[in-house]
Amino acid sequence: MEMFLALWVGGMLVALVLVGLFVFGLRRRLIQRSGGTFDCSLRWNVPEEPDISGKGWVYGVARYNEDQIDWFRVFSYAPRPRRVLERSAIEVVARRLPEGEEELALLSDAVVLGCLHRETRLELAMSEDALTGFLAWLEAAPPGQRVNVA
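Everything numeric in this text was worked out from a predicted model, so none of it was measured.

Q: Sorry, what's going on with the environment of Gly20 here?
A: By the element assignment, Gly20 lies in helix 1 (residues 2-33). Exposure remark for Gly20: the relative accessible area of 16% places this residue in the buried category. C-alpha separation for the pair Gly20 and Tyr77, spaced 57 residues apart in sequence, amounts to 9.0 Å.

Right under this line is the structure:
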């Protein structure tokens with residue numbers, strides 16, 4: 001009887017893990033389904049001096065959504081974006097390559113973009129190709145909108 005109970009509990013744990021992984025993958029597919037997504041790590045509320053310790057970076061997926069970027073944490077079940085960045089409120093203030101321990105926290109081909117969004121300092125890390133698309137999207141703002149790209 002104890003053996004049966006142990007097998008049943010073990011089977012239920014495996015089933016729960018598989019369901020969790022399935023839902024996790026399904027969420028990622030639903031985020032990417034509407035297109036215009038790119039891998040993008042984010043560090044929110046950063047100090048003015050670059051912090052190369054690698055702390056604070058969160059891996060995510062960004063999605064273009066009209067005049068805003070929806071940013072989702074990769075390791076989350078939340079269906080809504082964690083951050084929403086409006087195009088008109090993004091100001092690019094710096095561009096650099098990862099340094100020190102930061103290189104280990106980010107994808108290997110990442111470029112770090114220092115930005116201000118409604119007076120909050122943040123950093124976005126993305127591939128060079130994603131960066132080209134992001135900057136083009138910023139500059140393609142409708143007439144009359146303020147866009148600052150350093």
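Q: Hey, could you run me through the pattern of salt bridges in this one?
A: Oppositely charged side chains are able to pair whenever their charged atoms sit close together. A complete count under the given rule lists 8 salt bridges for this structure. Close ionic contact of Asp70 with Arg63 constitutes a salt bridge, the shortest N to O distance being 3.4 Å. Taking the relative accessible area as the measure of exposure, Arg63 reaches 15% and is therefore buried. With its nearest N and O atoms 2.5 Å apart, the salt bridge here joins Glu128 to Arg95. Of this pair, Glu128 sits in helix 3 (residues 128-139) while Arg95 sits in strand 6 (residues 90-96), and the two are 33 residues apart along the sequence. Taking relative accessible area as the criterion, Glu128 reaches 37% and is therefore assigned partly exposed.

Q: Just to check I follow, could you spell out the nonpolar core for this structure?
A: Phe38, Leu124, Met126 and Phe134 are the most contacted members of the largest nonpolar core, which has 21 residues in total. For this core, the secondary-structure elements that each account for two or more residues are strand 4 (68-73), strand 6, strand 7 (110-117), strand 8 (120-127) and helix 3. Ranked by the residues each element gives to this core, the list is headed by helix 3, at 6 residues. In contact with Phe38, not counting residues within four places along its chain, are Gly60, Val61, Ala62, Tyr64, Ile69, Met126, Ala130 and Phe134.

Q: Any chance you could explain the packing of aromatic side chains here in plain terms?
A: Aromatic ring pairs: the centre-centre distance and the angle between the two ring planes describe each pair. This model, assessed by the stated rule, comprises 3 aromatic pairs. Seen in terms of ring centroids, Phe38 and Tyr64 are 5.2 Å apart; in terms of plane orientation they differ by 40°. Their pairing is tilted. With Phe38 in strand 1 (residues 37-39) and Tyr64 in strand 3 (residues 60-65), this pair connects stretches of sequence that are 26 residues apart. Overall, the relative accessible area of 10% leaves Phe38 in the buried class.

Q: Whenever I open this one, a nonpolar patch on the surface confuses me. Can you help?
A: On the surface, Met1, Phe4, Leu5, Trp8, Val9, Met12, Leu13 and Leu16 cluster together into a nonpolar patch covering about 930 Å² of accessible area. Mapped onto the elements, Phe4 comes out in helix 1.

Q: Would you take a moment to explain the sheet that holds strand 1 for this structure?
A: The pairing of strands in a sheet happens through backbone hydrogen bonds and is either parallel or antiparallel. Strand order in the open sheet formed by 4 strands is 1-3-4-5, and the pairing between neighbours is antiparallel. Each edge of the open sheet carries a strand with a single partner, namely strand 1 and strand 5 (83-86). Sheet twist, expressed as the average angle between the axes of neighbouring strands with direction ignored, equals 25°. The pairing of strand 4 with strand 5 spans 4 bridges and is antiparallel. Bridging across to strand 5, Asp70 finds its partner in Val84. Those strands touched by helix 3 are strand 1, strand 3 and strand 4, and its axis lies near 35° from that of strand 3.

Q: Would you mind going over the sheet that holds strand 6 with me for this structure?
A: Spatial strand order, 2-8-7-6: 4 strands in an open sheet with antiparallel pairing. Two strands close off the open sheet at either side, each with one partner strand: strand 2 (41-44) and strand 6. On average, each strand axis in the sheet is tilted by 25° relative to the strand beside it, whichever way the strands run. Together, strand 6, strand 7 and strand 8 form the strand contacts of helix 3, whose direction differs from that of strand 8 by roughly 130°.

Calculation criteria
Residues numbered from 1 in each chain as written. Predicted model: local features only at pLDDT ≥ 70, side-chain atom pairs only at ≥ 80, totals over all residues. Heavy atoms only, no water. Helix = DSSP H or I, 4+ residues; strand = E, 2+ residues; numbered from the N terminus. Buried < 20%, exposed > 50% of the residue type's maximum accessible area, 1.4 Å probe, protein only. Salt bridge = Lys/Arg side-chain N within 4 Å of Asp/Glu carboxyl O. Core = buried A, V, L, I, M, F, W, Y, C linked by side-chain atoms within 4.5 Å. Contact = heavy atoms within 4.5 Å. Phe/Tyr/Trp six-rings, centres within 6.5 Å; stacked < 30°, edge-to-face > 60°. Patch = residues over 30% accessible without salt bridge, like charges linked within 9 Å, V, L, I, M, F, W, Y side chains within 5 Å. Areas by Shrake-Rupley, 256 points an atom, 1.4 Å probe, with all protein chains shown as cover. Pairing = 2+ DSSP bridges. Axes fitted to C-alpha atoms, helices over the stretch in contact; angles between N-to-C directions.

So far we have only geometry, and geometry alone does not tell us how the molecule works.
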